[in-house]
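Okay, here's what each chain looks like letter by letter:
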Number of protein chains: 2
Amino acid sequence: MTLERWKDHRFLKACRCEPVDTVPVWYMRQAGRYQPEYRALRERYSLLEICRNPELCYTVTRLPVDQLGVDAAILFSDIMVPLGPMGVEFEIKEHIGPVIARPVRTPADVAALQLYAPEDELAYVMTAIRQLARDLPVPLIGFAGAPFTLASYLIEGGPSRHHLRTKAWMWSQPDAWARLMDKLAAMTVRYLRAQVAAGAAAVQVFDSWVGCLAPADYRRFVLPHMRAIFGALTDLGVPLIYFGVGTATLLADMAETGATVMGIDWRIPLADARRILGGRTAVQGNLDPALLFAPWPLLAARARSVIEEGAAADGFIFNLGWGILHHHPPVDPATLARLTELVHAYGREVLARREGR
Amino acid sequence: MTLERWKDHRFLKACRCEPVDTVPVWYMRQAGRYQPEYRALRERYSLLEICRNPELCYTVTRLPVDQLGVDAAILFSDIMVPLGPMGVEFEIKEHIGPVIARPVRTPADVAALQLYAPEDELAYVMTAIRQLARDLPVPLIGFAGAPFTLASYLIEGGPSRHHLRTKAWMWSQPDAWARLMDKLAAMTVRYLRAQVAAGAAAVQVFDSWVGCLAPADYRRFVLPHMRAIFGALTDLGVPLIYFGVGTATLLADMAETGATVMGIDWRIPLADARRILGGRTAVQGNLDPALLFAPWPLLAARARSVIEEGAAADGFIFNLGWGILHHHPPVDPATLARLTELVHAYGREVLARREGR
């Protein structure tokens, strides 16, 4: 039903590499601390309280759509959420991130992780998605963390700079690693299928930390599990977006996962990314999120460059190269609204010029 | 004199892309916390006290050469050291890094930075270098931080994850940025020339954080200054090594700086790096430093892959893709000694095989 409703929306058409009227745009972390309304809510509720309350989740997910004019909403949640019912106790600490009560250290810890039915255990997520899918003027993107990134939190016990413990564990206990990744992949598939069943029109898998790996390690320890995930989602017929930071040298392998849209960070020009990925994968990105703190003329010039590179072929969604960053003073929401207008106006121009040729 | 003495040393020959008997090897941060002797010294002296005392600096610089059998020493110091006499007040805080008393925020702050004669103001560095150059059984590498990385500390006031303030400053005050980079580049040239005059047989410029930039920003805001530095050092006739982390997409531009050896991190295979750099630039790297915490058979297998890729052409120095990382338990110095032996033995084998063809 949802899929039918959004079939001709420019965001989904771009994801499918079909021609569009103008360049679709959304922003990673478009709901968050830069918004005064979000900051006000966070004075009363923790991040997890917002995630677990369908009404608050709805409000926060919807706000940037109404404020910025973006072409997609993304479910407001945290990649840690689906780990809770697996038996992982954690909190999200202010200015730190997820902190795990008992990190995964042994094969027995892996065996103890439970698979479950997300429709039941995460019913509050599905409730929010159903309401959003019904009301939103744009498609809703569901999301999950990728197994490597989730495993790094589970093994390190929290955020980590060099992911040393994760890598050492992966190298020294390859069998337990494979079982952990299998379980996380299986749960990711269930969770994303449930989100699509509830009304998500696309899904994005965040593998934020996978860029710390050498390509050889990615191929051996991550790629098979990502292939399993995207392979098990293909029949849903929704765009499968895969995103990581600093993945320029992994893109050739990431293209083999079955993802249909690749999130690209700002370190690699979109034209180069496209060349590596081949023609059938759409690209999403890749403005340096720090540019939101630059003077408007420079930000606008760089955005136009990204649009020119991206819109040179079908299959382009404008986004940042990472999420909107927290800083003081925060990004002005008006800047993002203006950027959205620029993408739509200049995107139309570039596409018309391309057709004229 | 020093240059003459080391002319035929395999480290310098490899830097010049000349044939060698076996693959030379050294490790970034080969003097540091993983060594029990270093940890014992640090109980009595701060990092800066060691840097500023020629005798301690000598001891710490020399220790890994005697213990590990590496083919080069690198001056023990900190990239912040040459900023002191420019008028920058800072401390190096345990578990944090450099913290600047009054960060650079205005064009006036840039104007206030003083150029000086490093032979006088940093006489203790030159004293240590002279003694090391006289006594060491291998060539000594001098070093300095690159202007972008130094500027990021000066502007942020300390270590930073996203370098937001640095980028915003660079974009919004391009003239002041250029003057800051010019000054840091001029001081880097003076400092490295003085180190070579004192006996350093090669120099390495550390641009640790430059990988946070999009290629377009690197070209506009960094490349001209790096070109100025290496251009002003070429007449010295010593290898000019340039290193950054996560620079895969910057390598093509970094190759235009005039550096003669490029430090490569583990995210990009050496063969790909070579293809991007072209034939005349030697490569140094690129084992993931996390592998020092992996079981020996896996570490050895990965080291052999690096050697096979690197030694496929002349101009290869084995190293890690970044410095030796601090962790508990720390890297065992015996592992590094064993790795050094492996590089020399397997390097000889690979080179002989190549010649046999």
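Residues numbered from 1 in each chain as written. Chains lettered and ligands numbered in written order. Predicted model: local features only at pLDDT ≥ 70, side-chain atom pairs only at ≥ 80, totals over all residues. Heavy atoms only, no water.

A.B. asks: Could you give an account of the overall build of chain A, with specific residues and numbers?
C.D. replies: Tallying secondary structure elements over chain A gives 17 helices and 9 strands in all. In terms of overall size, chain A behaves like a compact globule, its C-alpha atoms giving a radius of gyration of 19 Å where 357 residues would be expected to give roughly 21 Å. Each principal axis of the C-alpha distribution contributes one length, and for chain A these read about 60 × 45 × 40 Å. Pairs at least 24 apart in sequence give 73% of the contacts found in chain A among residues at least 6 apart. (Helix = DSSP H or I, 4+ residues; strand = E, 2+ residues; numbered from the N terminus. Rg over C-alpha atoms; globule rule 2.2 N^0.38 Å. Contact = heavy atoms within 4.5 Å.)

A.B. asks: Can you lay out the UniProt feature "site: Transition state stabilizer" (unreviewed entry) in chain A for me, pointing to particular residues and giving the numbers?
C.D. replies: Residue and element names in this part refer to chain A. In the numbering adopted here, UniProt assigns the feature "site: Transition state stabilizer" (unreviewed entry) to Asp78. Along the chain, the position of aspartate 78 falls in the loop between β1 (73-74) and β2 (90-93). Given a relative accessible area of 16%, aspartate 78 falls into the buried group. Among residues more than four places away in sequence, those in contact with aspartate 78 are Leu47, Cys51, Ile92 and Phe143. (UniProt positions renumbered as here; feature names shortened; annotations may be inferred. Buried < 20%, exposed > 50% of the residue type's maximum accessible area, 1.4 Å probe, protein only.)

A.B. asks: So what about the relation of the copies chain A and chain B? Which residues, and what values?
C.D. replies: Between the two copies, chain A and chain B, the superposition gives an RMSD of 0.0 Å; the rotation angle is 180° and the shift along the axis is 0.0 Å. One copy is carried onto the other by what is essentially a two-fold rotation axis. Taken as a fraction of all interface residues of chain A, those also at the interface in chain B reach 100%, which identifies the copy contact as same-surface. (Least-squares fit on C-alpha atoms with pLDDT ≥ 70 in both.)

A.B. asks: Can you break down the pattern of salt bridges residue by residue, with the values?
C.D. replies: If charged atoms from side chains of opposite charge come close, those side chains can pair. Residues and elements named next belong to chain B. Applying the stated criterion to the full structure yields 38 salt bridges over all chains. Residue arginine 10 is joined to aspartate 71 by a salt bridge in which the shortest nitrogen-to-oxygen separation is 2.7 Å. In this pair, arginine 10 sits in helix α2 (residues 10-15) while aspartate 71 sits in the loop between α5 (54-68) and β1 (73-74), placing the two residues 61 residues apart along the sequence. For the pair shown, arginine 10 and aspartate 71 are each scored as buried. (Salt bridge = Lys/Arg side-chain N within 4 Å of Asp/Glu carboxyl O.)

A.B. asks: Summarise the environment of leucine 75 of chain A; cite the residues concerned and give the values.
C.D. replies: Residue placement: leucine 75 of chain A occurs in the loop between β1 and β2. Not counting the four nearest positions on each side in its chain, leucine 75 of chain A is found in contact with Cys57, Thr61, Val125, Ile129, Leu132, Leu140, Ile141, Phe143 and Gln195 of chain A.

A.B. asks: Just give me the short version of the packing of aromatic side chains, but keep the residues and values in it.
C.D. replies: This structure, assessed with the given rule, holds 12 aromatic pairs over all chains. Connected via pairs of aromatic rings, a cluster forms that spans Phe143, Phe206 and Phe243 of chain A. (Phe/Tyr/Trp six-rings, centres within 6.5 Å; stacked < 30°, edge-to-face > 60°.)

A.B. asks: Requested: an account of the environment of leucine 48 of chain A, with residues and values cited.
C.D. replies: All names here are of chain A. Checked against the element boundaries, leucine 48 lands in helix α4 (residues 47-52). On the basis of relative accessibility, which here comes to 10%, the residue leucine 48 falls in the buried class. Linking leucine 48 and glutamate 91, residues 43 residues apart in sequence, is a C-alpha distance of 8.3 Å.

A.B. asks: Which residues make up the sheet that holds strand β6 (residues 240-243) of chain B, and what values go with them?
C.D. replies: Residues and elements named next belong to chain B. Within the open sheet, the 7 strands sit side by side as β1-β4-β5-β6-β7-β8-β9. Their pairing is parallel. Both outer strands of the open sheet, β1 and β9 (316-320), are each paired with one neighbouring strand and no more. The sheet contact formed by strand β8 (residues 282-287) and β9 spans 5 bridges and is parallel. Bridge pairing in β9 places leucine 287 opposite leucine 320. Most of the contacts of helix α13 (residues 223-231) go to β6, to which it runs at about 155°, and overall it touches β5 (202-206) and β6. (Pairing = 2+ DSSP bridges. Axes fitted to C-alpha atoms, helices over the stretch in contact; angles between N-to-C directions.)

A.B. asks: Give me the lowdown on the confidence of the model for chain A, citing residues and values where you can.
C.D. replies: This prediction gives chain A a mean pLDDT of 96; 99% of its residues lie at or above 70. Quick note on the complex model: pTM equals 0.97, ipTM equals 0.95. (pLDDT = per-residue confidence, 0-100.)

A.B. asks: Could you give an account of helix α3 (residues 36-44) of chain A, with specific residues and numbers?
C.D. replies: Residue and element names in this part refer to chain A. Within α3 the residues assigned to the buried category are Tyr38, Leu41 and Arg42. All buried residues of α3 lie within an arc of 100° about the axis, which places them on one face of the element. α3 presents Glu43 and Arg44 as exposed residues on the side facing more than 90 degrees away from its buried surface. (Arc of directions from axis to C-beta.)

A.B. asks: I'd love a proper account of the side chain of arginine 42 of chain A, names of residues and values included.
C.D. replies: Residues and elements named next belong to chain A. Relative to the elements of secondary structure, arginine 42 occurs in helix α3. Arginine 42 sits in the buried class, given a relative accessible area of 16%. Filtering out sequence-adjacent residues up to four positions away, arginine 42 remains in contact with Arg33, Leu47, Ile50 and Glu94.

A.B. asks: Residues and numbers for the sheet that holds strand β7 (residues 261-263) of chain A, please.
C.D. replies: A sheet is described by the order of its strands in space; here 7 strands give the open sequence β1-β4-β5-β6-β7-β8-β9 (chain A), paired in parallel fashion. Whereas interior strands pair on both sides, the edge strands pair on one side only; in this sheet they are β1 and β9 (316-320) of chain A.

A.B. asks: Give me the packing of helix α9 (residues 147-156) of chain B against helix α11 (residues 174-198) of chain B: which residues, what numbers.
C.D. replies: Residues and elements named next belong to chain B. Following both chains from N to C, one finds α9 and α11 inclined at 120°, their axes separated by 9 Å at the closest point. As the angle between them shows, α9 and α11 are arranged oblique. Remark: the crossing between α9 and α11 carries right-handed chirality. Facing α9, whose interface residues are Pro147, Phe148, Leu150, Ala151, Leu154 and Ile155, α11 presents Trp177, Leu180, Met181, Leu184 and Ala185. Among the residues making up the contact of α9 with α11, the classes are represented as 11 nonpolar, no polar and no charged. (Parallel < 35°, antiparallel > 145°, perpendicular 65-115°, else oblique. Left-handed = near helix turned anticlockwise from the far one by under 90°. Nonpolar A, V, L, I, M, F, W, Y, C, P; charged D, E, K, R; others polar.)

A.B. asks: Explain the UniProt feature "binding site: substrate" (unreviewed entry) in chain A residue by residue, including any values.
C.D. replies: Residue and element names in this part refer to chain A. Mapped onto this structure's residue numbering, the UniProt feature "binding site: substrate" (unreviewed entry) falls at Arg29, Gln30, Ala31, Gly32, Arg33, Asp78, Tyr153 and Ser208. A maximum C-alpha distance of 23.3 Å among these annotated residues, which run over 180 residues, shows that they spread across the structure rather than meeting at one spot. Given a relative accessible area of 39%, arginine 29 falls into the partly exposed group. Residues within four places of arginine 29 in sequence aside, it is in contact with Tyr34, Gly323, Ile324, Leu325 and His326. As for its placement among the helices and strands, glycine 32 is situated in the loop between α2 (10-15) and α3.

A.B. asks: Quick one: what's the story with the pairing of strand β4 (residues 140-145) of chain B, residue by residue and with numbers?
C.D. replies: Residues and elements named next belong to chain B. Across the 6 residues that make up β4, a large majority, 6, are buried. In β4, alternate side chains face the same way, and those of Leu140, Gly142 and Ala144 on one face and Ile141, Phe143 and Gly145 on the other are all buried. With 5 bridges connecting them, β4 and β5 associate as parallel partners. Bridge pairing in β5 places alanine 144 opposite valine 205.

A.B. asks: Break down unusual backbone geometry for me, citing the residues and quoting the values.
C.D. replies: Most peptide bonds are trans, and most residues other than glycine sit at a negative phi. All names here are of chain A. For the peptide bond that leads from histidine 328 to proline 329, omega is -5°, which places it in the cis range. Assignment of secondary structure puts proline 329 in the loop between β9 and α17 (333-356). Despite not being glycine, arginine 29 has its phi angle at roughly 60°, a positive value. As for its placement among the helices and strands, arginine 29 is situated in the loop between α2 and α3.

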